[in-house]
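So the chains spell out like this:
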Amino acid sequence: MEFSHVYVDYYFFVFVSLLVIININGIHGSHDVFMNIESVSPVNVREEHRTAYHFQPPKNWINGPMYYNGVYHLFYQYNPKGAIWGNTVWAHSVSKDLISWIGVEPAISPSKPFDKYGCWSGSATIVDKKPVILYTGIVDKNKTQVQNYAIPMNISDPYLRYWIKPNDNPLIVPDESINKTTFRDPTTAWFDQDNRWRIVIGGLRNNRGMTYLYRSKDFKHWIKAKHPLHSVAGTGNFECPDFYPVSINGENGLDTSIFGNDVKHVMKVSLDLKRYDYYTIGTYDHKRDTFTPDKSMVDGWNGLRYDYGNFYASKSFYDPSKKRRILWGWANESDTIDNDIQKGWAGIQSIPRTLILDPNGRQLLQWPISEVEKLRTKKVELTNKDLSNGDWNIYDAQKICNLRDSTFKGGLGPFGLLALASEKLEEYTPIFFRIFKNDNEHLVLLCSDASRSTLMSGKSQIKGGTNAYRPSFAGFVDVDLKQNMLSLRSLIDHSVVESFGASGKMVITSRVYPTLAIFDKAHLYAFNNGSEIIRIQRLTAWSMRRPLHMNQ
């Protein structure tokens, strides 16, 4: 089955003839430093792979969201001088709906002794009804890291265009027990019953990932707790930690300072060594200031992930206007560094996602925010269509997907869709399910395979430059097949495919760069390469229009 498209949002529900474990997979790193080219400006900004409705600046490279007085704010690390990592400032965009964005002046730039060598990641907190940014400043060539704050210059400005970095910075300096070059990314603060604020800062000690806990009565004078909130041996450095509550009952999000018997907490960290995010669900003892993952959680490299593809340095925030928790993530490029420079931009943000606790309590569910649906235009629908035609490590779904790709015939699967496909299938990106029998259980595998997505060479011509990274991303889906039905939703936007399997139990984001399947030459196909018949109960696809503004 075929549908022509340029950028698409689609649902896919199938019946199949008929517990799994979520695995870990690595992604390509992104902080390689090329001092000789980090400020090379693009001559022209190429548009064929530039997204239409995903957040990105007009040009160059990107990497703490906030809601305040009716306006959404997105602060993000940005290189104003080039399309690769370096020269980072805190760029700032504002929105009324999280879809259409207006770029305003950068909020923070390196300018003072406490951030002269860089303004790195951080978070925003509403303190006494006013926003405060906490961020990591780099103070010397050795990358010594301290924690600073910034406040709006004019609180009555609805867009908060200008920010001040007071001279009483830094607020937090690493003591002798802390590795001062891996001490970064303060979280959104929470306010506890003892009338003290708390934050967590990521770090590293003897290859043990650390989340250092600090307390303050006035948000300026911070004291390090005797013990970290949480730490894990053998993980490497914890970056961009995020710590927040989720409701056990109901689908409303919770403010960061909410506690109670009907609340669980989520500890998420970004792994500097592996370049992906993982999280655990557990219990926060706010009297002892300790976080304990549930017994069912895998706490480490094999832990649960928000996204099993191109997704890193994520950050959530509470949206009080709609009582929801929203997740942002950076979908980094996986093209060669040469092409990043040539096309004049690099990095996008994923579509914002709502986060809730799965009713089974074992994982989070993610779903694109409802606002994205207002971009839908032309609709195509298909219903009730029939599609005819070992041993493995259950933690290594990516290896299975590599060995048994979309062309490898099986029993139940592979079946799914070919996105961004050229007419003769010289290029395509398959998103597909496979179902395996393991003892008396069924294992459901979701794959997103970028290996056939382009005819371009993946070799960098720059000395020391990074090559393209086109893997088969995959994960096992914790889904009950008693009703014999699986669902898949994908957001397709020129060079990104975001796929949500089984109503948000599994998410995979792939970055792809087709040469033939671009603009009106891109196609969408439904397929089944398994021996068992798969019935499409409903397939609905919409073309998507561009937002009114995207950082103009």
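Structure's up top.
Since this is a predicted model, take the numbers as computed values, not measurements.

Scoring rules and cut-offs
Residues numbered from 1 in each chain as written. Predicted model: local features only at pLDDT ≥ 70, side-chain atom pairs only at ≥ 80, totals over all residues. Heavy atoms only, no water. Core = buried A, V, L, I, M, F, W, Y, C linked by side-chain atoms within 4.5 Å. Buried < 20%, exposed > 50% of the residue type's maximum accessible area, 1.4 Å probe, protein only. Contact = heavy atoms within 4.5 Å. Patch = residues over 30% accessible without salt bridge, like charges linked within 9 Å, V, L, I, M, F, W, Y side chains within 5 Å. Areas by Shrake-Rupley, 256 points an atom, 1.4 Å probe, with all protein chains shown as cover. Salt bridge = Lys/Arg side-chain N within 4 Å of Asp/Glu carboxyl O. Helix = DSSP H or I, 4+ residues; strand = E, 2+ residues; numbered from the N terminus. Lys, Arg positive; Asp, Glu negative; His and termini not counted. Polar contact = N/O pair within 3.5 Å; in protein donor to acceptor, adjacent residues only side chain to side chain. Pairing = 2+ DSSP bridges. Axes fitted to C-alpha atoms, helices over the stretch in contact; angles between N-to-C directions.

Chemist: Mind showing me how you'd approach the nonpolar core here?
Modeler: A general trend in soluble globular proteins is that nonpolar side chains are found buried together. In this structure, V444, L446 and L486 are the most contacted members of the largest nonpolar core, which totals 35 residues. Residues contacting L446, with those up to four places away along its chain left out, are I431, F432, F433, F473, A474, G475, V477, L488, G501, M506 and I508. Within the second largest apolar cluster, 24 residues are counted, among which are A52, I326, L375 and V507.

Chemist: What exactly am I supposed to notice about a nonpolar patch on the surface here?
Modeler: The grouping of M153, Y162 and I164 at the surface amounts to a nonpolar patch, some 300 Å² of accessible area in total. Along the chain, I164 falls in strand β11 (residues 163-164). Given a relative accessible area of 34%, I164 falls into the partly exposed group.

Chemist: It is not clear to me how the side chain of R325 should be interpreted in this structure. Could you clarify?
Modeler: Along the chain, R325 falls in strand β22 (residues 324-331). Despite its burial, R325 pairs with no opposite charge; the closest candidate is D242, at 5.2 Å N-O. Polar contacts involving the side chain of R325 include one to the side chain of T256, which spans 3.4 Å. Within the local environment of R325, its side chain forms a polar contact with the side chain of S316, the two groups lying 2.9 Å apart. Sequence-distant contacts of R325, that is, excluding residues within four places in its chain, are made with Y244, P245, G253, L254, D255, T256, S316, F317, Y318, R353, T354 and L355.

Chemist: Can you help me understand the sheet that holds strand β10 (residues 145-152) in this one?
Modeler: Taken together, the 4 strands give an open sheet; going across it, the order is β8-β9-β10-β11, and neighbouring strands pair in antiparallel fashion. Each edge of the open sheet is held by one strand with a lone partner, namely β8 (119-127) and β11.

Chemist: Looking at this structure, how should I read the pairing of β8?
Modeler: Successive residues of a regular strand alternate their side chains across the two faces of the sheet. Summarising burial for β8: 8 of the 9 residues are buried, a large majority. As paired elements, β8 and strand β9 (residues 130-138) share 7 bridges and run antiparallel to each other. Bridge pairing links V127 to K130 in β9. Between β8 and β9, which pair antiparallel and follow one another directly, the connecting turn spans 2 residues, one of which, D128, has a positive phi of 50 degrees.

Chemist: Any chance you could explain unusual backbone geometry here in plain terms?
Modeler: Peptide bonds are trans in most cases, and residues, glycine excluded, mostly fall at negative phi. In this chain, N169 is followed by P170 through a cis amide linkage whose omega measures -5 degrees. Note that P170 resides in the loop between β11 and β12 (190-191). You will see that D128, though not glycine, has its phi angle at about 50 degrees, which is positive. With respect to the helices, strands and loops of the structure, D128 is situated in the loop between β8 and β9. A relative accessible area of 69% places D128 in the exposed class.

Chemist: What exactly am I supposed to notice about the sheet that holds strand β17 (residues 238-247) here?
Modeler: Two orientations exist for strands paired in a sheet by backbone hydrogen bonds: parallel and antiparallel. In spatial order, the strands read β17-β18-β19-β20; together these 4 strands make up an open sheet with antiparallel pairing. The open sheet has two edge strands with one neighbour each: β17 and β20 (290-293). When strand polarity is set aside, the average angle formed by the axes of neighbouring strands in this sheet is 40 degrees. Pairing between strand β19 (residues 276-285) and β20: 4 bridges, direction antiparallel.

Chemist: What am I meant to see in the pairing of strand β34 (residues 506-511) here?
Modeler: Burial analysis of β34 places 6 of its 6 residues in the buried class, the great majority of the element. Residues M506, I508 and S510 point to one face of β34 and V507, T509 and R511 to the other, with burial holding for every one of them. Two elements, strand β33 (residues 496-501) and β34, share 6 bridges in a ladder whose sense is antiparallel. When the sheet's bridge partners are listed, G501 is paired in β34 with M506.

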